[in-house]
Amino acid sequence: MNENASGLKSQVQPIVVVDSISKSFTHNVKVLDNVSTRVTKGDVLVIIGPSGSGKSTFLRCLNGLEDIDQGTILIDGIPLDDHEKNRLKIRREVGMVFQSFHLFPHMTVLENVNLAQKLVRKKSKIEATQLSKDLLQKVGVDDKAAVYPNELSGGQQQRVAIARALALMPKIMLFDEATSALDPEMIGEVLDVIRDLANDGMTMVVVTHEMGFAREVSDRVLFMEHGCVIEEAPTERFFQQPAQERTRAFLRKIL
Ligand SMILES: Nc1ncnc2c1ncn2[C@@H]1O[C@H](COP(=O)(O)OP(=O)(O)O)[C@@H](O)[C@H]1O
Ligand SMILES: [Mg+2]
């Protein structure tokens with residue numbers, strides 16, 4: 001969301017570079033088939049597509065949770081390859097938020113947000129707590145720091161999960177249907193947090209079915225089907241003048 005009139009943005013180096021990646025879980029069936037894309041620093045890429053099209057697998061490949069069979073991924077100039085050092089660096093740079101929140105039930109909200117800072121960033125409890133409190137305030141649950149996750153609503157738990165991901169100070173955030181498991185009245189409060197991050201200039205790749213939100217918050221939209229990129233375009237062009245008939249058919253179904 002950092003468009004400027006001089007068109008300087010197009011000269012900015014992409015922070016995510018994906019070139020022709022493919023992946024199969026079983027022989028023959030490609031879950032990702034020759035997928036390429038780029039994300040410019042500060043941009044939001046929204047990925048849409050039917051269930052089973054490979055969206056989650058794509059996100060998991062981006063932070064090294066899944067291995068790719070072919071192609072290359074560069075995150076902030078670091079190749080996501082077999083070198084454990086590179087993979088660790090990338091894990092730290094890429095935060096991820098899932099549909100289910102995966103908070104540790106036996107730890108308080110504050111301890112959940114502190115944990116990775118202590119383990120990964122080797123911070124003291126005092127240092128970690130300072131940042132955690134700031135982040136919990138940012139996502140609007142600072143009054144819940146001392147409680148356990150099961151005392152929170154789904155929307156609150158998801159906001160804590162976002163704070164936890166932000167606590168590693170990632171350069172890129174991935175969201176995989178972060179609001180799909182929520183009751184309708186809680187979707188808005190989580191989308192608000194993601195929208196704030198976009199406005200702050202966080203680079204993000206967001207898989208979502210919330211089309212109004214997608215249109216408002218993204219710079220580009222990528223439509224995926226059967227593991228292939230059917231179409232990728234700047235947001236307004238994507239929604240107003242999709243080039244592919246399959247994109248038009250999909251949009252007709254969901255809009
Ligand atoms: N760990 C796995 N093992 C085998 N098949 C998988 C695995 N994860 C995903 N798949 C398959 O890969 C395809 C794409 O799945 P996924 O990336 O979850 O799609 P989406 O997020 O778009 O719904 C589906 O056919 C799914 O069954
Ligand atoms: Mg998925």
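Attention in this report is confined to the structure presented alongside it. What you see is a predicted model, and the numbers here were worked out from it, not measured in a lab. Residue positions within a chain follow its written sequence, with the count starting from 1. In the order they appear in the text, chains get letters beginning with A and ligands get numbers beginning with 1. Residues qualify for local features only when their pLDDT is at least 70, as the model is predicted, and side-chain atom pairs are given and counted only at 80 or more; totals for whole chains, interfaces and linings, by contrast, use all residues. Here the side-chain values reflect all heavy atoms present in the structure, with hydrogen atoms and water set aside.

Ile48, Leu136, Ile162, Met173, Phe175 and Met204 are the most contacted members of the largest nonpolar core, which has 50 residues in total. The helix and strand labels rest on DSSP assignments: H or I over at least four residues marks a helix, E over at least two residues marks a strand, and numbering proceeds from the N terminus. In terms of residue count, helix α6 (residues 184-199) provides more of this core than any other element does, 8 residues in total. In what follows, a contact means two residues having at least one pair of non-hydrogen atoms within 4.5 Å. Among all residues touching Ile48, those that are not within four sequence positions of it are Lys55, Thr208, Met211, Val221, Leu222, Phe223, Met224, Phe238, Phe250 and Leu251. In these notes, a set of buried Ala, Val, Leu, Ile, Met, Phe, Trp, Tyr and Cys residues joined through side-chain atoms within 4.5 Å is what counts as a nonpolar core. Exposure classes here rest on a 1.4 Å probe applied to the protein chains alone. A residue is buried below 20% of its type maximum, exposed above 50%, and partly exposed in between. Ile21, Leu62, Ile78 and Val94 belong to the second largest nonpolar core, which has 26 residues in total.

Another aspect to go through is the sheet that holds strand β5 (residues 78-79). Following DSSP output, two strands are said to pair if at least two bridges run between them. With antiparallel pairing, the 4 strands of this open sheet are ordered in space as β2-β1-β4-β5. Where the open sheet ends on each side, the last strands, each with one partner, are β2 (30-40) and β5. Two elements, strand β4 (residues 70-75) and β5, share 2 bridges in a ladder whose sense is antiparallel. Residue pairing in the sheet places Leu74 in a bridge with Pro79 of β5. To obtain each axis, a line is fitted to C-alpha atoms, and for helices this fit is confined to the stretch in contact; angles are then taken between N-to-C directions over 0 to 180 degrees. Lying over the sheet, helix α1 (residues 55-62) contacts β1 (14-24), β2 and β4, oriented at roughly 120 degrees with respect to β1.

With phi around 55 degrees, His102 is a residue other than glycine that occupies positive phi space. Tracing the sequence through the fold places His102 in the loop between β6 (94-97) and α3 (109-119). A residue is classified by how much of its surface remains accessible, and His102, at 52% relative accessible area, is exposed. Not every positive phi belongs to a glycine, and Met169 is a case in point at roughly 55 degrees.

The subject of this paragraph is the site of ligand 1. Looking at ligand 1, the residues that line it are Phe25, Val31, Pro50, Ser51, Gly52, Ser53, Gly54, Lys55, Ser56 and Thr57. For ligand 1, an oxygen atom lies 3.0 Å from a polar atom in the backbone of Gly54. The definition of a polar contact used here is a pair of N or O atoms within 3.5 Å, where within protein one atom must be able to donate a hydrogen and the other to accept one, and adjacent residues in sequence count solely through side-chain atom pairs. Measuring from an oxygen atom of ligand 1, one finds a side-chain N or O atom of Lys55 at 2.8 Å. The fraction of the free accessible surface of ligand 1 (560 Å²) that becomes covered by protein chains is 56%. Per-element tally for the shell around ligand 1: the top contributor is α1, with 3 residues. What makes a residue near a molecule or strand is one non-hydrogen atom of that residue sitting within 4 Å of it. Residue-level accessible areas treat just the shown protein chains as cover; the underlying method is Shrake-Rupley with a 1.4 Å probe.

Moving on: α6. When the terminal C-alpha atoms of α6 are compared, their 23 Å separation across 16 residues agrees well with the 22 Å that a helix rising 1.5 Å per residue should span. Those residues of α6 that fall on the buried side of the exposure criterion are Met186, Ile187, Val190, Leu191, Val193, Ile194, Leu197 and Ala198. The arc that holds every buried residue of α6, seen down its axis, measures 155 degrees, which confines them to one face. Every exposed residue of α6 that faces more than 90 degrees away from the buried side is listed here: Glu185 and Asn199. Expected span, for any helix, means 1.5 Å times one less than how many residues it has. What the arc describes is the spread of directions from the helix axis to the C-beta atoms.

Strand order in the open sheet formed by 6 strands is β6-β7-β8-β3-β9-β10, with mixed pairing between adjacent strands. What marks the edges here is a single partner per strand, and that holds for β6 and β10 (228-234). Across the sheet, the axes of successive neighbouring strands diverge by a mean angle of 15 degrees, strand direction being ignored. Against the sheet, helix α2 (residues 84-93) contacts β6 and β7 (172-176), and its axis sits at roughly 55 degrees relative to β6. Contacts from helix α5 (residues 154-166) reach β6 and β7 within the one sheet, and its direction differs from that of β6 by about 170 degrees.

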